[in-house]
Amino acid sequence: MDLLEPTRQAFALLFSGDRELWGIIWLSLWVSVAALALLAPLCVPLGFVVARIHFPGRRALVVAMQGFLSFPTVVVGLVLYLVLSRRGPLGAFELLFTPSAILIGYMVIALPILMVFTVAAVQGADSRIYETARCLGARPLRAMGTTLWEVRFAVTAGFVNAFGRVVSEVGCALLVGGNIAGLTRNIPTAIALETSKGEFAYGIALGFVLMVIAVGVNVALAWLQGEGGLE
Amino acid sequence: MSPLFKAEGIVKRFGERVLFDAASLELETGNGYVLIGPNGSGKTTLLRVLAGLDSAQEGKLVYRAREAAAAGPYPEPWRREIVYAHQQPYLFRTSLADNVEYGLARRGMARERRAALAGEALAWAGLTARHGVPPHRLSGGEKQRAALARAKVLDPVLLLLDEPTANLDGEARAQVLELVRALITESHTVLIATHDPEIIRLAILTRLRVSAQRIEVAE
Amino acid sequence: MIKRIVFALAALLCAATAQAQTVRMATTTSTANTGLLDYLLPKFRSRTGITVQYVAVGTGAALKIGEQGDADVVLVHDRESEEKFVAAGFGVKRRDVMYNDFVIVGAPADPAQIRGMKDAAEALKRIRAAGSAFVSRGDRSGTHLRELQLWRAAGVEPKWGGYYLSIGQGMGTALIMAYEKRGYTLTDRGTYLAYLKKTDLQIMVEGDSRLNNPYSVIAVNPSRHPRINHAGATRLIDWLTSDEGQRAIAEYEVGGAQLFFPSAK
């Protein structure tokens, strides 16, 4: 089968600014970014606390988080579907088959990733950082901020990793989003749909964009780290 | 006149090992002290307890007639006036100026004033020429001088220095020594834990020796 | 050792040639979801020894699969597309098999107030006017194409707010989504009945002659692709349109109701 023609069409589609296509790309981007933005104020300070404060059950929590790192996203989708459907406990909110459902799913998937990376970053931080900040008069909250800033690359790596995972996952988004055109159809679900319909140009265009996004974000992180990351 | 800072009955254990057993010391305002003792005798630990970075099992800390349990939370207001410097100081990975301004910023000082004071402190430490260098690229001696500038700019009432000349020799050591001498004579109250004979020899300093899990004034 | 390998390879070869006893069918989700195929095909197999493997997609996709030669026979329900398919030379031997009808179903609360209407196009117009949720297959299936015809007849552009939900998926999914969104959808009666227990949707509009839904079976043109099992496909078509096949279709019931009506001539 000749793939050159669909590939040519794919790029034509992309550069023509096809509204539907770019709408799909936009959905993928904003839901992924929003999920991480909503999680950040919770996960980063929480990760700091878990890394530094010994409380009963701490070890169990850390082990559990590690365990959930590779939790199958389709199972997240399944559970979320059951919870959000009309028969489920949260059915009254009518969230199923909306972008909000995908957002929630992404948050569930990204949470353990952000936690694990932040905990690791803070544990790997020089213990003198927090102490120096405190000795110079910083309140505990501020000293936490200073510490997190000092390990910002390691923390950011967590966000990049989480972003890559949610932007390209298909199981959860398909189940709880429903792949509705113009509403909950994002890059991975659209690729699945269009390819199964034999619309290879669309699939190739979206696949290319997804690749650029996923690789690009990682490259950007590595670039920004510059020397700082390579010590 | 009552002493600026008192530690009474400090008991500090690490598991089975007893580091201090009913140790006490007194620091008078404006005086300089040097804390000496063999390696592992607990000099750093003592300084950290006085600075509120570690707590002891028992004992009392008294600063300016206010009391706090050595085992309990360290009073926040003390941190504004008592400054501790690590043996190997950590400089934040921002800029030299940022490091020196850090404590001033925490006090809510305005940007221009901060920058001015930091500039003066860097000049005092002889680091003006190193202005644009990333802090982690400074030499050991430069880092130590930067840390001293960072502490000095806060105009601390009590300065706790942990081995300021450790791992330094030659030119670097001499430069740090100069700054330490300047700090002592500038009427801050200073407590320095050190092995460095040149510091210990300074007549102006009162010697405190760690011995038999206590602290005694040595001649 | 060598003997074992030889026997294993021979066994594999036999399995491969057994392909002659397999027919690949591309059909629509409505025939699959209703359970009709799982009822009919074992009967065909015990009669002829031929296994039919099927994929269920929309009419458009099924015809595409036939066009590419990835199926030996197609079973679909859109007259217009079928005629184009045959005219283009992709299919031969088109035969009527059965029919069922479409119905418009919706949430019991009937927000657009269309219950009992006899004009399907007018009903869609009302749904649009009320801004109620409407789920569309959006996949060029027979159902979707019929839906589009009705919109055309109503003179209405099917796009409004976030409530016209084009999903690109099968009938079962569409029904569940209509249920979840408390809206309406166009469905074939068979799938609706098969999904009765899963949703609370009720039939709102039925009986309009434009809702009639005839199914045809078409053999894929063997001269266009190598390895088309034309013999098997022909036997399937013959059986489906035979008395025995037609009787089996009529016998099939879900929840006590007959879903499909034989129509072979």
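1. Focus on the overall build of chain C
Argument step 1. Across its full length, chain C carries 11 helices and 12 strands.
Argument step 2. Taken along the three principal axes of its C-alpha coordinates, chain C extends 75 × 40 × 40 Å.
Argument step 3. Looking at chain C as a whole, 49% of its 265 residues qualify as buried.

2. Notes on the environment of Arg-173 of chain B
Argument step 1. Along the chain, Arg-173 of chain B turns up in helix α5 (residues 170–185).
Argument step 2. Taking C-alpha positions, Arg-173 of chain B is 9.6 Å from Gln-144 of chain B, a pair spaced 29 residues apart along the chain.

3. Considerations on the sheet that holds strand β4 (residues 58–63) of chain B
All names here are of chain B.
Argument step 1. Spatially, the 4 strands line up as an open sheet ordered β2-β1-β4-β5, and their pairing is antiparallel. Strand pairing shows two members of the sheet lacking a second neighbour, β2 (17–27) and β5 (66–69), which therefore form its edges. In this sheet, adjacent strand axes meet at a mean angle of 20° when their direction is disregarded.
Argument step 2. Direction of pairing for strand β1 (residues 5–14) relative to β4: antiparallel, over a ladder of 5 bridges. Following the sheet pairing, Glu-8 is matched in β4 by Lys-60.

4. Concerning the interface of chain C and chain A
Argument step 1. Counting from both sides, the interface comprises 13 residues of chain C and, opposite them, 12 residues of chain A.
Argument step 2. Mapped by element, the contributors of at least two residues to the side of chain C that touches chain A are α4 (59–67), β6 (164–166) and α8 (171–180) of chain C.
Argument step 3. Ranked by the residues each element gives to the side of chain C that touches chain A, the list is headed by α8 of chain C, at 3 residues.
Argument step 4. Its residues placed into classes, the side of chain C that touches chain A shows 5 nonpolar, 5 polar and 3 charged.

5. Brief notes about the pairing of strand β3 (residues 73–76) of chain C
Residue and element names in this part refer to chain C.
Argument step 1. Along β3, one buried face is formed by Val-73 and Leu-75 and the opposite face, lined by Val-74 and Val-76, is buried too.
Argument step 2. Relative to β3, strand β1 (residues 22–28) is paired through 3 bridges, and the arrangement is parallel. Looking at β3, one finds that Thr-27 is bridged to Leu-75.
Argument step 3. Examined bridge by bridge, β3 and strand β9 (residues 212–220) share 4 bridges and lie antiparallel to one another. Bridge pairing links Val-76 to Ser-216 in β9.

6. Re the packing of helix α4 (residues 73–84) of chain A against helix α5 (residues 99–123) of chain A
Residues and elements named next belong to chain A.
Argument step 1. In contact at an axis separation of 10 Å, α4 and α5 are set at 135° when each is read in the N-to-C sense. Between α4 and α5, the angle falls in the class oblique. Crossing angle aside, the handedness with which α4 passes α5 is right-handed. Here Thr-73, Val-76, Gly-77, Leu-80 and Leu-84 of α4 come into contact with α5, specifically with Ala-101, Ile-104, Gly-105, Val-108 and Ile-109.
Argument step 2. Its residues placed into classes, the contact of α4 with α5 shows 7 nonpolar, 3 polar and no charged.

7. Examining the domain arrangement of chain C
All names here are of chain C.
Argument step 1. Per the domain assignment, the segments making up chain C are domain 1 (2–99 + 214–262) and domain 2 (101–211).
Argument step 2. One C-alpha centre belongs to domain 1, the other to domain 2, and the line joining them spans 28 Å.
Argument step 3. Between domain 1 and domain 2, the contact holds 21 residues from the first and 18 residues from the second.
Argument step 4. When contributions to the side of domain 1 that touches domain 2 are tallied by element, the ones reaching two or more residues are α2 (29–33) and α4.
Argument step 5. Its residues assigned to classes, the side of domain 1 that touches domain 2 shows 8 nonpolar, 12 polar and 1 charged.

8. Re the interface of chain B and chain A
Argument step 1. Counting residues at the interface gives 16 residues for chain B and 14 residues for chain A.
Argument step 2. Looking at the side of chain B that touches chain A, the elements that each hand over two or more residues are β6 (82–85) and α2 (96–106) of chain B.
Argument step 3. Per element, the largest residue contribution to the side of chain B that touches chain A is 3 residues, and it comes from α2 of chain B.
Argument step 4. Of the residues assigned to the side of chain B that touches chain A, the class counts are 8 nonpolar, 2 polar and 6 charged.

9. Here's the deal with the pairing of β6 of chain B
All names here are of chain B.
Argument step 1. Here β6 shows a buried face lined by Ile-82 and Tyr-84 and a second buried face lined by Val-83 and Ala-85.
Argument step 2. Pairing geometry for β6 and strand β7 (residues 158–162), over 4 bridges, is parallel. If you follow Val-83 over to β7, its bridge partner there is Leu-159.

10. Some details on the arrangement of the chains
Argument step 1. Counting contacts across all 2 pairs of chains that touch, the top-ranked interface belongs to chains A and B.
Argument step 2. Spatially, chain B is disjoint from chain C: no contact exists, and the shortest C-alpha separation is 48 Å.

11. Quick look at the environment of Ala-138 of chain A
Argument step 1. Along the chain, Ala-138 of chain A falls in the loop between α6 (127–135) and α7 (140–150).
Argument step 2. On a C-alpha basis, the gap between Ala-138 of chain A and Gly-158 of chain A in space is 26 Å, while along the polypeptide they are 20 residues apart.
Argument step 3. Contacts of Ala-138 of chain A, omitting those with residues within four sequence positions, involve Ala-133, Ala-143 and Thr-146 of chain A together with Arg-106 of chain B.

12. Let's talk about the nonpolar core
Side chains that are nonpolar tend, in soluble globular proteins, to be buried together.
Argument step 1. Membership of the largest hydrophobic core comes to 132 residues, with the highest contact counts inside it found for Ala-110 of chain A together with Val-73, Val-74 and Ile-104 of chain C.
Argument step 2. Considering each element in turn, this core owes the most residues, 17 residues, to α5 of chain A.
Argument step 3. Shared between two domains, this core takes at least three residues from each, and those domains are domain 1 (2–99 + 214–262) and domain 2 (101–211) of chain C.
Argument step 4. Other than its neighbours up to four places away in sequence, Ile-104 of chain C contacts Ile-114, Ala-120, Ala-123, Tyr-184, Leu-186, Met-204 and Val-205 of chain C.
Argument step 5. Ranked by size, the runner-up nonpolar core spans 70 residues in total, among them Cys-135 of chain A together with Leu-27, Leu-47 and Ala-121 of chain B.

Calculation rules
- Residues numbered from 1 in each chain as written.
- Chains lettered and ligands numbered in written order.
- Predicted model: local features only at pLDDT ≥ 70, side-chain atom pairs only at ≥ 80, totals over all residues.
- Helix = DSSP H or I, 4+ residues; strand = E, 2+ residues; numbered from the N terminus.
- Buried ≥ 20, exposed ≤ 12 C-beta atoms within 10 Å, placed from the backbone.
- Pairing = 2+ DSSP bridges.
- Axes fitted to C-alpha atoms, helices over the stretch in contact; angles between N-to-C directions.
- Contact = placed C-beta atoms within 7 Å.
- Nonpolar A, V, L, I, M, F, W, Y, C, P; charged D, E, K, R; others polar.
- Parallel < 35°, antiparallel > 145°, perpendicular 65-115°, else oblique.
- Left-handed = near helix turned anticlockwise from the far one by under 90°.
- Domains from an automatic or database assignment.
- Core = buried A, V, L, I, M, F, W, Y, C linked by C-beta atoms within 7 Å.

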